[in-house]
Amino acid sequence: MPELNELLKPIWHAFSALHVDKYGKASKSQLKVLSHNLCTVLHVPHDPVSLEEHFRDDDHGPVSSKGYMPYLRTYILDKVQDVMFDKEQFEDLCWMIASKKNYPMKQGCFAAQDAFKMWSLFNFLSEDQYPLVICFEEVDYLLRRLCGTLALRWKPESLKTKIVEGQEGLSAWQFLSCASSVLLQPDVDKSSLSMSIDDIYQELVLEVVKKGCLSKRSGRIKVCTELWFVLRRNSLFYYANADMKEPREEIPLHKGGSIELLPDREGRRCFFALHCPEKTLELGAEDARRRQEWVAAIQTVVRFQQQGRRSQAWESRAERRVDRQREQTRRQELAWMDQALQANESNRQMELNRLQKEYDLAESRRHQDQLELQQQFQQELEKEKQARAGIEARMAQQAEETVFYQQRIQEVENLYEELRSARAAEQQAIKEEELAHLQQNKIMAEETSRKKELEQQRDVRVLSHSSPRNDGRLQRMCIVSDRLQELQQEKLHVKENYQQRAREHLERAQGNTHSWKQRVSEKERQIGLLRPIQPGDPSSTVMSFRGNNGARPYWRRQESRTPEEDTVDRLQHGIARMET
C-alpha cells in the first residue's frame, strides 16, 4: 500500500479547487464525480451507494474536507495497491482539477507539462500539514538544483523578497509563481529547462534511481538489442526508446535478486546477469564504468527492498526534515534562551531600576534627613542661644534679686531683733503681772483668813457675851465688818481694773503680734522663704500616760508655734485662771 500522505496531498488540491462555499464545504454531486474519477485512476471498484449511505445524516447541506476524509479513507484509499495504479496518471487527474481554477496558462508561466511536474515536486517536498505549504529550505534546495543544471546563478536573496512577514512557507501557486520568475529567463532554453525539471521529477516523485541504454541478450541465438532501461525503487522497466510511453516489461525487485558479472567474450563485453526469482536477464553497458554504476544501483535497490526502506530521495527528504526539525528545535531553544536572557536581562534591569530607585529614595531621604538634622541643629543652636541669653538675663536678674533679697534678709533680721526685744518686754510685763497677781492672791488669801477669824470671833462673842458691855465690841466689830466690805469692794474694783488692764494689754499684744506676723509673712513672701504647708503623717502617734493618741500637754502641743503665739496663749491662760 502506498504512503497515505502522498495520496492525500493531490486529493486535497482537487477538493480545494471544487466550488466550495464560504465555509469550505463542497456539494455531494461534486464529491461523487471526484470519487468516481479517483476510483478509476486508482483501479478501485466504485460504489456510488456507499457515498449516499455515508452522508445519510447530512442530506440537507454540503460536506467539508473533514467530513469527506473518513469516506475517502474507508472506501477508496484503504483499497489502493501500490502495483495497481499509475502514480503519474493519478496526480495528472488531481492537477487537471486544481489547475483550472488556480493556475491559468498565461504569459510568464511554465508550460503545461512543466507546471504539472513542478506541482508534483511541490507535493513531494511540502510538509505533511494542511493547508499545504513548502518551507523555504526545500524551495532553496529545488531551485538551487535546477539553476545548477541550467548554469544559472541562484540568488537566495531573490526568494527573501517574496516572503511575507510571518509566513511559514509558500503555497503551491506561490511556489509556481516564484519558480517561474527565477527559471524563465530570456537566455534559458525551454527544452533544457523541461529536461532538467523532468530529471528531478523522475528522481524525486517517480523514484527513478537510474535510467539509460543497456544491451539485452535474449532468444535462443542471444541477439543483443539496445533498450531504454529505467530502475525504480522496486522494479526495473525497459522501453523501446527514451520516450517511456509504454514499458515492454517490468522486472519486480521487491522479492530480491542477485547480480553476476559475466566475463568478456568475443561479441560480449561489459555484460552482467540479473537473477530474479522469476527470470534472469543478461544486460550489457557501454563500458565498465557504466556497468559498475548499474550494478551498484541495482544492488542498492535490492538492499533497500530487503531492509524495507524506500528510495534515496525519500531518505534525503526525511533527513532534511529531521535537520529542519533540529534546526527549528535549536532555534526554539535559542529563542527560549534569548527570551530567558531577555527576561533575565529585563529582571536584572528591573532589579537595577529598583535598586536605583531605592538608592535615589535613600539618597533623597538621607539628604532630607541631613537637611532636617541641619535645621534641627540650627533650631537647637538658636534655642541654646536664646536659652543662654535667657539664662544670662535670669542670672543678672537673680544677681539683682540676690542683692534685693540680701537687703530684705537684713531687714527681716532687724525685724526679728525688734520682735525679740518686744517679746522680752512682753515677757517682763507678764512676769510683773504674774508677780502682782501672786501678791494680790496672797493679800486676798490673808484677808479671807482674817475675815473668817473675825467672823468666828464675832459669832463666839455674840453667843457668849450678850451684855451691853459688849456693845462697844460689837460696834467695833461692825466697823471692822464695814471695813471688810469696803476692802471687798476695793478688791472687786482692783480686780476689775486688773482684768481691764490685762485685756487691754492682751489685745495690744495680740495686735502687735498680728501686725508683726503680717509684716514678717509679707517679707518672707517677698523674699521667697515661705513654703507650702505639708500635711502631717496621719499614721504618727503620740505616746503619753493616757496611751496612744492621747491628749498632748499644753506646752508640747504646738511645737512649731512662734514665740509670740506662745506669749498670747500664756496670757489667755493667766486670765482664765484669774477668772476662776
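The model shown is predicted, which means the values in this text are computed figures rather than measured ones.

Engineer: Any details on the overall build of the chain? Residues and values, ideally.
Structural biologist: Helices and strands together make up the secondary structure of the chain, namely 15 helices and 11 strands. The 580 residues of the chain split such that 32% are buried. When contacts within the chain are restricted to residue pairs at least 6 apart in sequence, those whose partners lie at least 24 apart make up 62%. For the chain, the exposed surface amounts to about 38,400 Å²; the carbon and sulfur share of it is 50%.

Engineer: Please give an account of the side chain of E91 that cites residues and values.
Structural biologist: Note that E91 resides in helix α5 (residues 87-102). By relative accessible area, E91 is classed as buried at 3%. Leaving out residues up to four positions away in the same chain, E91 has contacts with P10, F116, W119, S120, Y201 and V205.

Engineer: I'd like a rundown of the sheet that holds strand β8 (residues 271-275), residues and numbers included.
Structural biologist: The strands making up a sheet are joined through hydrogen bonds of the backbone, oriented either antiparallel or parallel. If you walk across this open sheet you meet the 7 strands as β6-β5-β4-β3-β9-β8-β7, and the pairing is antiparallel. Since the sheet does not close on itself, it has two edges, and those belong to β6 (249-252) and β7 (258-261), each with one partner. Each strand axis lies, on average, 35 degrees off the axis of its neighbour in the sheet, ignoring direction. Summarising the sheet, strand β4 (residues 223-232) and strand β5 (residues 235-239) pair through 4 bridges and their orientation is antiparallel. Its bridge partner lying in β5, W228 is registered against Y239. Along the sheet, helix α11 (residues 288-306) makes contact with β3 (208-218), β4, β5, β7 and β8, crossing β3 at roughly 115 degrees.

Engineer: I'd like a rundown of the pairing of β8, residues and numbers included.
Structural biologist: Across the 5 residues of β8, 4 count as buried, placing the element largely inside the fold. As judged from the 5 bridges shared by β8 and strand β9 (residues 280-284), these two strands associate in the antiparallel manner. Looking at β9, one finds that A273 is bridged to E282. Hairpin connection between β8 and β9: a loop of 4 residues separates the two successive antiparallel strands.

Engineer: Help me get a handle on the pairing of β4, residues and values and all.
Structural biologist: Pairing of β3 with β4 involves 10 bridges; the strand directions are antiparallel. Counted as the bridge partner of K216 is T225 from β4. The hairpin formed by β4 and β5 contains 2 residues between the paired strands.

Engineer: So what's going on with the confidence of the model for the chain? Residues and values would help.
Structural biologist: Summarising the model, the chain shows a mean pLDDT of 78, and 77% of its residues fall at 70 or more. The lowest-confidence element of the chain is helix α14 (residues 554-557), averaging 43 in pLDDT; the highest-confidence one is helix α6 (residues 112-125), averaging 88. In the model, residues 537-559 has pLDDT below 50 throughout and makes 15 contacts with residues more than four positions away in sequence or in other chains.

Engineer: Explain the packing of aromatic side chains to me, using residue names and the numbers behind them.
Structural biologist: Using the criterion set out here, one finds 11 aromatic pairs in the structure. Ring geometry for F116 and W119: centres 6.4 Å apart, planes at 35 degrees, overall tilted. Of this pair, F116 and W119 both sit in helix α6, 3 residues apart, which is roughly one turn of that helix. We note that F116, like W119, is buried. Seen from their ring centres, F124 and W314 are 5.9 Å apart, and the 70 degrees between their planes marks the pair as edge-to-face. On the criterion of sequence distance, the pair formed by F124 in helix α6 and W314 in helix α12 (residues 312-464) is long-range, its members being 190 residues apart. Taken together, the ring pairs connect W95, Y103, F116, W119, W173 and Y201 into an aromatic cluster.

Engineer: I'd love a proper account of the packing of helix α7 (residues 136-149) against helix α10 (residues 190-204), names of residues and values included.
Structural biologist: The N-to-C vectors of α7 and α10 enclose an angle of 135 degrees; their axes lie 9 Å apart at closest approach. When the interaxial angle is binned, α7 and α10 end up oblique. The way α7 lies across α10 gives a crossing that is right-handed. Along the contact surface, α7 presents Y141, L142, R145, L146 and T149, while α10 presents S196, I197, I200, E203 and L204. Its residues assigned to classes, the contact of α7 with α10 comprises 6 nonpolar, 2 polar and 2 charged.

Engineer: Can you tell me about the pattern of salt bridges, naming the residues and giving the values?
Structural biologist: One pass over the structure, following the stated rule, counts 25 salt bridges. A salt bridge links E286 to R290; the shortest N-O distance between them is 3.3 Å. Owing to a relative accessible area of 62%, E286 belongs among the exposed residues under this scheme. We note a salt bridge from E293 to R289, for which the minimum N-O separation is 2.7 Å. With E293 and R289 both in helix α11 and 4 residues apart, the pair spans about one turn of that helix. Judged by its relative accessible area of 49%, R289 falls in the partly exposed class.

About the criteria used
- Residues numbered from 1 in each chain as written.
- Predicted model: local features only at pLDDT ≥ 70, side-chain atom pairs only at ≥ 80, totals over all residues.
- Heavy atoms only, no water.
- Helix = DSSP H or I, 4+ residues; strand = E, 2+ residues; numbered from the N terminus.
- Buried < 20%, exposed > 50% of the residue type's maximum accessible area, 1.4 Å probe, protein only.
- Contact = heavy atoms within 4.5 Å.
- Areas by Shrake-Rupley, 256 points an atom, 1.4 Å probe, with all protein chains shown as cover.
- Pairing = 2+ DSSP bridges.
- Axes fitted to C-alpha atoms, helices over the stretch in contact; angles between N-to-C directions.
- pLDDT = per-residue confidence, 0-100.
- Phe/Tyr/Trp six-rings, centres within 6.5 Å; stacked < 30°, edge-to-face > 60°.
- Parallel < 35°, antiparallel > 145°, perpendicular 65-115°, else oblique.
- Left-handed = near helix turned anticlockwise from the far one by under 90°.
- Nonpolar A, V, L, I, M, F, W, Y, C, P; charged D, E, K, R; others polar.
- Salt bridge = Lys/Arg side-chain N within 4 Å of Asp/Glu carboxyl O.

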